[in-house]
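Fold and geometry: a report
Read off the chains here:
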Amino acid sequence: QGDRKRSRAKIAHLTFDDIGGQDSAKKELKEALDFLIHKDEIAKLGIRPLKGILLTGPPGTGKTLLAKASAQYTNSIFVSASGSEFVEKYVGVGASRIRDMFKEAKLKAIKEKKESIVVFIDEIDVIGGKRDGGQHREYDQTLNQLLTEMDGIHTADSPRILMMAATNRKEMLDSALLRPGRFDRQIQVDLPDKKGRFHILNIHAKNKPISIEVDLNKVAAESYGFSGAQLESVMNEAAIYAMREKEDNIHHKHLSLAIDKVMMGEKTDRESTQ
Ligand code: ATP
């Protein structure tokens, strides 16, 4: 439990090329990140520095991957946590955990001689949901602490912080989070189209023995509506089917079975939660 709760500070070695599809999200994101890279020109023009980027869209579409790649692109330390990690029974614990996360990240950046930090919070809606006038004091304090950290003054010798967060329930967010100087850039990360699915399948096929008879374009057509995470599962399940049949390579039949399995799995999950 203790380990899971602790934020994870590390350098991410994942680039935008490791993320399939999402061309417009990647383009928008890189444009925003270039603001961070060319901070001196930005300052000369009197442009307000970029503080926060919100990634919105369905689960499993690569929001976490995009945040990691952003850290790599800007040569930053990457620190991540999920909103639910800050939810505690006792008032003030969530807030102090936020404080610790930023403190830990700053120390790490100094140690590793990095000028900037990407702090990524997944499921931001858990702590950044609309405030309802004192009903959830614990959540309020956590959110306030996050806002305080985001508003923190940047001094010449402290690392610059770029906040990134993800949600699939943007309409739930408190408006304080979306004000200028907070998460003022929003990037939509949608389910991949056929070209995107083909690209993602290729990425996850790289370390697998795929039979030459397999046409991944066909697999992309058969997996309409799948997220990147589901496509990764398809590749993995197909390899398991091949192993069960004692085959050395993954054939199209294994991929078709895997598509059905992932689709059915989702259905069963949904039914059991209804
Ligand atoms: P959630 O909202 O559920 O946190 P997410 O949008 O952050 O999801 P990720 O955690 O980035 O999704 O993706 C989960 C896994 O799915 C990745 O580790 C990767 O294996 C695969 N994946 C998702 N999207 C892509 C993509 N665009 N390209 C390649 N792999 C992907």
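Residues numbered from 1 in each chain as written. Predicted model: local features only at pLDDT ≥ 70, side-chain atom pairs only at ≥ 80, totals over all residues. Heavy atoms only, no water.

Structural notes on the nonpolar core
Counting residues in hydrophobic clusters, the biggest one holds 26 residues, and the most contacted among them are Met101, Phe102, Ile117, Ile124, Leu146, Met163 and Leu177. Breaking this core down by element, the ones donating at least two residues are β3 (77–82), α5 (93–111), β4 (116–122), α7 (137–151) and β5 (160–167). A total of five residues in this core trace back to one element, the largest contributor, which is α5. Residue contacts for Ile124: discarding those within four places in its chain leaves Leu54, Leu146, Ala165, Ala166, Thr167, Leu173 and Leu177. Formed by 23 residues, the second largest nonpolar core is a distinct cluster that contains Leu29, Ala71, Leu162 and Met164. (Core = buried A, V, L, I, M, F, W, Y, C linked by side-chain atoms within 4.5 Å. Buried < 20%, exposed > 50% of the residue type's maximum accessible area, 1.4 Å probe, protein only. Helix = DSSP H or I, 4+ residues; strand = E, 2+ residues; numbered from the N terminus. Contact = heavy atoms within 4.5 Å.)

Section: the pattern of salt bridges
The full count for this structure, using the stated rule, is eight salt bridges. The residue Asp23 makes a salt bridge to Lys195 at a minimum N-O spacing of 3.5 Å. Of this pair, Asp23 sits in helix α2 (residues 23–37) while Lys195 sits in helix α8 (residues 194–205), and the two are 172 residues apart along the sequence. Each of Glu245, Glu247 and Lys253 takes part in one network of salt bridges that share partners. (Salt bridge = Lys/Arg side-chain N within 4 Å of Asp/Glu carboxyl O.)

Focus: the packing of aromatic side chains
Aromatic rings in a pair are described by how distant their centres are and how their planes are angled relative to each other. One pass over the structure, following the stated rule, counts two aromatic pairs. Taking 6.3 Å as the distance between ring centres and 20 degrees as the angle between the ring planes, the aromatic pair formed by Phe78 and Phe120 counts as stacked. On the criterion of sequence distance, the pair formed by Phe78 in strand β3 and Phe120 in strand β4 is long-range, its members being 42 residues apart. Assigned by exposure class, Phe78 and Phe120 land together as buried. The cationic tip of Arg185 hangs over the ring face of Phe35; the distance from NZ or CZ to the ring centre is 5.1 Å. (Phe/Tyr/Trp six-rings, centres within 6.5 Å; stacked < 30°, edge-to-face > 60°. Lys NZ or Arg CZ within 6 Å of the ring centre and 35° of its normal.)

Some details on the side chain of Ser70
Here Ser70 lies in helix α4 (residues 63–73). For Ser70, a relative accessible area of 0% corresponds to the buried category. Beyond its immediate chain neighbours, meaning those up to four positions away, Ser70 contacts Phe16, Leu29, Leu33, Val118 and Met164.

Here we look at the site of the ligand
Gly20, Gly60, Thr64, Asp122 and His204 are the nearest of the 16 residues found near the ligand. Within the contact set of the ligand, an oxygen atom lies 2.9 Å away from a backbone nitrogen or oxygen of Lys63. For the ligand, whose free accessible area comes to 630 Å², the fraction covered by protein is 78%. Sorting the residues of the shell around the ligand by element identifies α4, α8 and α10 (228–244) as the ones contributing at least two each. Taken together, the residues of the shell around the ligand sort by class into five nonpolar, seven polar and four charged. (Near = heavy atom within 4 Å. Polar contact = N/O pair within 3.5 Å; in protein donor to acceptor, adjacent residues only side chain to side chain. Areas by Shrake-Rupley, 256 points an atom, 1.4 Å probe, with all protein chains shown as cover. Nonpolar A, V, L, I, M, F, W, Y, C, P; charged D, E, K, R; others polar.)

A short note on the packing of α2 against α4
Direction vectors running N to C along α2 and α4 enclose 35 degrees, while the axes themselves pass 10 Å from each other. Considering how the two elements wind past one another, α2 and α4 form a crossing that is right-handed. Residues Ala25, Lys26, Leu29, Lys30, Leu33, Asp34 and Ile37 of α2 pack against Leu66, Ser70 and Tyr73 of α4. Here the residues of the contact of α2 with α4 are counted per class, giving six nonpolar, one polar and three charged. (Axes fitted to C-alpha atoms, helices over the stretch in contact; angles between N-to-C directions. Left-handed = near helix turned anticlockwise from the far one by under 90°.)

A look at α4
One turn of the α-helix equals 3.6 residues, which is why residues spaced by three or four share an orientation. All buried positions along α4 are accounted for by Lys63, Leu66, Ala67, Ala69, Ser70 and Ala71. Summarising the contacts, the buried residues of α4 are in contact with α2, β2 (52–56), β3, β4 and β5.

Points about α8
For α8, with 12 residues, the first-to-last C-alpha span of 16 Å sits near the 16 Å given by 1.5 Å per residue. Those residues of α8 hidden inside the fold are in contact with α9 (216–222) and α10. (Expected span 1.5 Å × (residues − 1).)

Considering the confidence of the model for the protein chain
Of the residues in the protein chain, 87% have a pLDDT of 70 or more, and the chain-wide mean is 87. Confidence over residues 1–12 falls short of pLDDT 50; this stretch has 30 contacts with residues more than four positions distant or in other chains. (pLDDT = per-residue confidence, 0-100.)

Remarks on unusual backbone geometry
Although it is not a glycine, Asn75 adopts a positive phi angle of roughly 55 degrees. Phi at Lys113 is positive, roughly 55 degrees, even though this residue is not glycine. In this fold, Lys113 is placed in the loop between α5 and β4.

A look at the pairing of β5
Among the eight residues that make up β5, seven are buried, leaving the element largely enclosed by the rest of the structure. Of the strand pairs in this sheet, β2 and β5 are connected by five bridges, and their pairing is parallel. Residue pairing across strands places Thr56 opposite Thr167, the latter belonging to β5. (Pairing = 2+ DSSP bridges.)

Description of the environment of Phe86
You can see Phe86 is positioned in the loop between β3 and α5. Exposure remark for Phe86: the relative accessible area of 2% places this residue in the buried category. Linking Phe86 and Leu231, residues 145 residues apart in sequence, is a C-alpha distance of 30 Å.

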